[in-house]
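One-letter residues, chain by chain:
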Amino acid sequence: MRTVVLDVGETLTRDDRYWASWADWLGVPRHTLSALVGAVVVDGRDNADALRLLRPGLDVGAEYAAREAAGRGEQLDDTDLYDDVRPALAALRAAGVRVVVAGNQTVRAGALLRALDLPADLVVTSGEWGAAKPSPEFFARVLQVSGAPAEETLYVGDHPANDILPARAAGLRTAHLRRGPWGFWWADDPAVRAAAD
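Residues take numbers from 1 onward in each chain, read along the sequence in its written order. Thresholds applied to this predicted model are a pLDDT of at least 70 for local features of residues and 80 or more for the giving and counting of side-chain atom pairs; totals over whole chains, interfaces and linings are not thresholded and use all residues. With hydrogens and water excluded, all non-hydrogen atoms of the structure serve as input to the side-chain values.

Here we look at the packing of helix H1 (residues 16-26) against helix H4 (residues 60-69)
Viewed as axis vectors pointing N to C, H1 and H4 meet at an angle of 85°, and their least axial separation amounts to 12 Å. The pairing of H1 with H4 is recorded here as roughly perpendicular in orientation. Within the contact between the two elements, H1 uses Tyr-18, Ser-21, Trp-22 and Trp-25 and H4 uses Val-60, Glu-63, Tyr-64, Ala-66 and Arg-67. Residue polarity follows a fixed list, in which Ala, Val, Leu, Ile, Met, Phe, Trp, Tyr, Cys and Pro are nonpolar, Asp, Glu, Lys and Arg are charged, and the others, Gly among them, are polar. Across the contact of H1 with H4, the residue classes break down as 6 nonpolar, 1 polar and 2 charged. Fitting a line to C-alpha atoms yields each axis, with helices limited to the stretch in contact; the angle taken between N-to-C directions then spans 0 to 180 degrees. Counting from the N terminus, the helices are DSSP H or I runs at least four residues long and the strands are E runs at least two residues long. By the definition adopted for this analysis, an angle is roughly parallel if under 35 degrees, roughly antiparallel if over 145, roughly perpendicular if from 65 to 115, and oblique otherwise. We call two residues contacting when some pair of their heavy atoms lies within 4.5 Å.

This is how it looks when you write it as structure tokens:
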């Protein structure tokens, strides 16, 4: 592999703070939202559906903007990183591998990630690209920035429908990470195992 591209949520960062802040914003117990996240994971649905179960018809983008305006927007710091992230990325770079971080995050999350000064060659988000996973456009952008052909580019992620299956469809090599709700729940699924290298 010449390039390793990594997802963000539940690959590099824990989503504890993310979901807790949404529960607080919506005025529900954190455990309630956590349980609903689990339900949508099991159903293979979009994670934002957990929010829509609490508030049917919720415009997630508008709520993001309202949270930001209220001073309760996205936050991200070193405490959100899994303990192995910095050593793993540094080891990849020391081995001569290009390291790219590319996930479904907002423009603000991209700035917060870059402020962490991760040992990565590039940090980009779907919000900055205007294309989100699982769209083919997102993975076309991944290939544009990878600096390597698809067969020499590895996409690492936890989410089968957003990471593994569309990356495979784009011709990339894939690694399914058993981390976070999606990673653990879908780890033994035959389709995920067949799609992950």
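Concerning the packing of aromatic side chains
Note on aromatic pairs: the rings of Phe, Tyr and Trp (six-membered ring only in Trp) are paired at centre separations within 6.5 Å, and the planes decide the class, stacked below 30 degrees, edge-to-face beyond 60, tilted for the rest. Counting across every chain of the model gives 5 aromatic pairs. Consider the rings of Phe-138 and Phe-139, whose centres lie 5.1 Å apart with planes at 75°: the pair is edge-to-face. Summarising the burial analysis for this pair, Phe-138 and Phe-139 share the class buried. Cluster of aromatic residues (ring-pair linked, three or more members): Trp-129, Phe-138, Phe-139 and Tyr-155. With a 1.4 Å probe rolled over the protein chains alone, any residue whose accessible area is under 20% of its type maximum counts as buried; one over 50% counts as exposed, and the rest are partly exposed.

Observations regarding the layout of surface pockets
Any empty space left between the atoms is revealed when a probe the size of a water molecule rolls over them. Cavity: a set of points on a 1 Å grid over the protein atoms alone where a 1.4 Å probe fits but cannot get out. Pocket: an open set with protein on both sides within 12 Å along at least five of seven lines, its lining residues, like those of a cavity, having an atom within 4 Å of a point. Grid points are joined across faces, edges and corners, and a volume is the space filled by probe spheres set on the points. Quantified by volume, the largest pocket comes out at close to 880 Å³. Among the elements of the structure, H1, H4, helix H6 (107-115) and helix H9 (160-169) are those that each provide at least two residues to the lining of the largest pocket. Considering every element that reaches the lining of the largest pocket, the biggest residue donor is H1, with 7 residues. Here the residues of the lining of the largest pocket are counted per class, giving 13 nonpolar, 13 polar and 15 charged. In this model, the second largest pocket occupies a volume close to 170 Å³. Residue lining of the second largest pocket: 13 residues in total, with Asp-15, Asp-16, Trp-19, Ser-34 and Val-37 positioned closest to the centre. Elements that contribute at least two residues to the lining of the second largest pocket include exactly H1, helix H2 (30-43) and helix H10 (180-185). By residue number, the principal contributor to the lining of the second largest pocket is H2, which donates 6 residues.

Side note on the side chain of Asp-158
Considering the arrangement of structural elements, one finds Asp-158 in the loop between strand S4 (153-157) and H9. A residue counts as positive if it is Lys or Arg and as negative if it is Asp or Glu; His and the chain ends are not included. Salt bridge, as used here: a side-chain nitrogen of Lys or Arg that lies within 4 Å of a carboxyl oxygen of Asp or Glu. The buried charged residue Asp-158 lacks any salt bridge partner; its closest oppositely charged side chain belongs to Lys-133, at an N-O distance of 6.3 Å. If near-sequence neighbours (up to four positions away) are discounted, Asp-158 is found in contact with Asp-7, Gly-9, Glu-10, Thr-11, Asp-163, His-176, Leu-177, Arg-179, Trp-182 and Gly-183.

Focus: the packing of H1 against H2
Describing two packed helices takes the angle between their axes plus the distance from one axis to the other. Where H1 contacts H2, the axes come no closer than 8 Å and their chain directions differ by 120°. As summarised for this structure, H1 and H2 are arranged oblique, according to the angle between their axes. Our pair here, H1 against H2, has a crossing hand that is right-handed. On H2, the residues touching Trp-19, Ala-20, Trp-22, Ala-23 and Asp-24 of H1 are Arg-30, Leu-33 and Val-37. Its residues assigned to classes, the contact of H1 with H2 shows 6 nonpolar, no polar and 2 charged. The crossing is said to be left-handed when, going from far helix to near helix, the turn is anticlockwise and less than a right angle, and right-handed when the turn is clockwise.

Description of unusual backbone geometry
Cis geometry marks the peptide bond from Lys-133 to Pro-134, where omega comes out at 10°. By secondary structure assignment, the location of Pro-134 is in the loop between helix H7 (126-129) and helix H8 (136-146). Phi is positive for Glu-10, which is not a glycine, with a value near 65°. Looking at the secondary structure, you find Glu-10 in the loop between strand S1 (3-6) and H1. If you check the backbone angles, Asp-117 has positive phi at about 50° while not being a glycine. Looking at the secondary structure, you find Asp-117 in the loop between H6 and strand S3 (122-125).

Notes on the side chain of Thr-125
With respect to the helices, strands and loops of the structure, Thr-125 is situated in strand S3. The exposure class assigned to Thr-125 is buried, which follows from its relative accessible area of 0%. Apart from the residues within four sequence positions on either side, Thr-125 is in contact with Gly-103, Gln-105, Thr-106, Val-107, Ala-109, Gly-110 and Leu-113.

In short, shape yes, function no, at least from these values alone.
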